[in-house]
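Here's the letter readout for the chains.
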Amino acid sequence: MAVDELQAIIQRCQILEEADFKGEDFNLFQVAGQKCLEDGYAAQLLEVIQNEKNKVIIKNMGWNLISPLVRCIFMYKQEDDKREHCLRILDQLAQLCNPKELFLGLLEQIEQTSGEQVCQTVMLLLQPLQTVLLKLQNKKAYSVGLSLAMIMNQLTPLPVPYTKQQIQEDKLGLCQCCNAVVDFAKPFVSEVVKNMEKSSEYNDMELKEELIKFCMQSLKYPLLTAQLEHLEGIEEHPFRHFATEITVSAVEIDYGVCRASGPVHHCLLLILSNILITCKYIWLMQFNVAGFFSSSPSYLLLCNMTHIEVLLKRTEESVLSKGLDLFESCLLRMEDNSLLHHYLELRGFINVPQDLVKIMTLCPMEHMRKKSLNILQLFIDKFDTEGKYTLFRCLLKTSNHAGVEGYIIKNIKDQIHLALMKENDNIWFTGHHLISLLDLVLSLPEGAETDLLQNSDRIMASLNLLRYLVIKDCESDNQTGAWTTLGKIEQNFLKPLRVGLNMSKAHYEAEIKNKKENRKEAPSSNTVCSVTVSGEKMPAMTTGMQLQVLHSALFTFDLIESVLARVEELIEVKTKAVMDGNS
């Protein structure tokens, strides 16, 4: 019988001194203990372990039971008494065993687990592992760091639940496990904080550094890809709670280092930046981030710009959204027109708006495209006048997208309007600076050969801007300087546009005529074929569908032509009025 075998080994070892235990004794104890567990005698094994006479034996040999004990716990059902006995054995081993030996046994068990049992195993062993670590005297910081690294290494391959349903189901137990790991780390965070409170010259950096590593790793996984927004129907959002706890821990650990210098200060800034990336809503709702920084909101943006740039280059929605959230939260802290133009000399401040443009034009997710557009406008609004001017020039040269260029030109028009309404001089959107900007705006990339359909958004915005200038800025005042360069505008923009319109309309009218004639000759109007519009081959479509596309293109040309005609008419009327006034 398994219990009899165990008792025989116990009686044999009770008469031995601790130093006289041999390898054979360890093996016999492990085999007998394992057999007791597998045969259902967990209650009897528990009695043996609780017996005061066996204290020395359990201290030295008990850790060998961890592996079979974990297997049996998972084998029994939740309500089974045998499972409860096994859990009590695990608790007793944590209290009685040699901390160093048990620590290695627990860590080995965590390392060996895989698949669906990872979270279950980790959550089962966290409490005894914490108990053991709190007992360690030597290499405590190293052991805590090794434990956290091992746990996170095992969790990282698991998929992070993202949708509301996935979070609620939590099939693998990751949501629950992550919060259990945070609770596991709390006593060690408290220890660091307590020692720092006792002495402002607390120099034991090892435990602090290990805990900081854990915070940083947690920000990358699971928080970088986790859904952190409030989800209706989930009262206690597991990842929001996890983010809050990680944030609190990071701040508590390194609060006193804010005034430090060197690598530690750099590490703190990195932590706070990443916390903002992954915990935007947590910061906004529960923490006064501004209180952490003695510097301006523009400095906070500066500190985070590199991280924003990295995140906006990613394509995963969960990561990209955090980059947009971080950028937005930094910008919302700033007053309009408060961001100095000098910041545009820094690479990130030029690259990030270009990244926003790529998201606006290439991202397959509509809500991301719209959010990027809103944030770009927010970014524009924060710059001073010279900054806006510089940013507009940059985006006009780099966006390579007619829709974006049209949007920027509309912003230029708004700035000109503000310049004309204000009494104080605005040198950037009037006079020679504006003339230089108008050279970019009021031109066709390839002259009369420009693809007018593809560039229609930009062309319409340019015409509307020119119409505004002609109406609002009298030639006699010429505040904007547009009248000075009118000849150049006519030569580089209006005349080639008129020629291009005539050629384009003639081409499309001929195409329509050709399609109609072909349809009359064909036995069926539902013949499927292809058509090329604006240099791009359209999907296969019937003749009727092709005609709709071609008529739509003609309508766009007519719209451009009507605005062009109005602009030419206004210029002629105003020019004549000035000439009549001078005669």
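From a predicted model like this one, the values you see are computed outputs, not experimental measurements.

Caption draft 1: Region of interest: the packing of helix α20 (residues 385-398) against helix α21 (residues 402-421). Interhelical geometry of α20 versus α21 gives an angle of 155° and a closest axis separation of 10 Å. On the basis of the axis angle, α20 is roughly antiparallel to α21. In terms of crossing hand, the pair formed by α20 and α21 is left-handed. Facing α20, whose interface residues are Lys388, Phe392, Leu395 and Leu396, α21 presents Glu405, Ile408, Ile409, Asn411, Ile412 and Gln415.

Caption draft 2: Here's a closer look at the environment of Leu172. Locating Leu172 in the fold gives a position in the loop between α10 (164-169) and α11 (174-198). Considering only alpha carbons, one finds Leu172 and Val118, 54 residues apart in sequence, at a separation of 8.1 Å.

Caption draft 3: Quick look at helix α1 (residues 2-14). The terminal C-alpha atoms of α1, which comprises 13 residues, lie 18 Å apart, in line with the 18 Å expected from a rise of 1.5 Å per residue. For α1, the complete set of buried residues consists of Ala2, Val3, Leu6, Ile9, Ile10 and Cys13. Within α1, the buried residues cover an arc of 125° as seen down the axis, which keeps them to one side.

Caption draft 4: How the structure looks around the confidence of the model for the protein. Across the protein, the average pLDDT comes to 85, with 86% of residues at 70 or higher. Mean pLDDT values for the elements of the protein range from 42 in helix α15 (residues 280-286) up to 97 in helix α19 (residues 366-382). Across residues 256-273, confidence stays below pLDDT 50; counting only partners more than four residues off in sequence or on other chains, it has 29 contacts. Every residue in residues 275-294 scores below 50 in pLDDT, and together they form 52 contacts with partners more than four places removed in sequence or on other chains.

Caption draft 5: Unusual backbone geometry, seen in detail. Look at the link from Tyr221 to Pro222: it is a cis peptide, with omega at 10°. Its place among the elements puts Pro222 in the loop between α12 (205-220) and α13 (238-254). Of note, the phi angle at Asp170 is positive, near 45°, even though the residue is not glycine. Within the secondary structure layout, Asp170 lies in the loop between α10 and α11.

Caption draft 6: Molecular detail of a nonpolar patch on the surface. On the surface, a nonpolar cluster with roughly 220 Å² of combined accessible area is contributed by Tyr299, Leu302 and Leu346. The partly exposed category is assigned to Leu346, whose relative accessible area is 36%.

Caption draft 7: Up close: helix α2 (residues 23-38). Taking 1.5 Å as the rise per residue, α2 with 16 residues should run 22 Å; its terminal C-alpha atoms sit 23 Å apart, in good agreement. Where α2 is concerned, the buried positions are Asp25, Phe29, Ala32, Gly33, Cys36 and Leu37. Around the axis of α2, the buried residues are gathered within 140° of arc, so they sit on the same side. A positive phi of about 90° marks Gly40, the residue just after α2.

Caption draft 8: Here's a closer look at the pattern of salt bridges. Evaluated as defined, the whole model comprises 23 salt bridges. Of the charged contacts in the structure, one is a salt bridge between Lys35 and Glu5, with a shortest N-O distance of 3.7 Å. Of this pair, Lys35 sits in helix α2 while Glu5 sits in helix α1, placing them 30 residues apart in sequence. A residue is classified by how much of its surface remains accessible, and Glu5, at 35% relative accessible area, is partly exposed. A network of salt bridges, in which partner residues are shared, links Arg498, Lys505, Asp558, Glu561 and Glu568.

Caption draft 9: Just the packing of α1 against helix α3 (residues 42-50), in detail. Here α1 crosses α3 at 15°, and the two axes come no closer than 11 Å. As judged from the angle between their axes, α1 and α3 are roughly parallel. Helix-helix and strand crossings are classified by hand; for α1 and α3 the assignment is right-handed. Residues Val3, Leu6, Gln7 and Ile10 of α1 form the contact with α3, whose own contacting residues are Gln44, Leu45 and Val48. By residue class, the composition of the contact of α1 with α3 is five nonpolar, two polar and no charged.

Rules behind the numbers
- Residues numbered from 1 in each chain as written.
- Predicted model: local features only at pLDDT ≥ 70, side-chain atom pairs only at ≥ 80, totals over all residues.
- Heavy atoms only, no water.
- Axes fitted to C-alpha atoms, helices over the stretch in contact; angles between N-to-C directions.
- Helix = DSSP H or I, 4+ residues; strand = E, 2+ residues; numbered from the N terminus.
- Parallel < 35°, antiparallel > 145°, perpendicular 65-115°, else oblique.
- Left-handed = near helix turned anticlockwise from the far one by under 90°.
- Contact = heavy atoms within 4.5 Å.
- Expected span 1.5 Å × (residues − 1).
- Buried < 20%, exposed > 50% of the residue type's maximum accessible area, 1.4 Å probe, protein only.
- Arc of directions from axis to C-beta.
- pLDDT = per-residue confidence, 0-100.
- Patch = residues over 30% accessible without salt bridge, like charges linked within 9 Å, V, L, I, M, F, W, Y side chains within 5 Å.
- Areas by Shrake-Rupley, 256 points an atom, 1.4 Å probe, with all protein chains shown as cover.
- Salt bridge = Lys/Arg side-chain N within 4 Å of Asp/Glu carboxyl O.
- Nonpolar A, V, L, I, M, F, W, Y, C, P; charged D, E, K, R; others polar.

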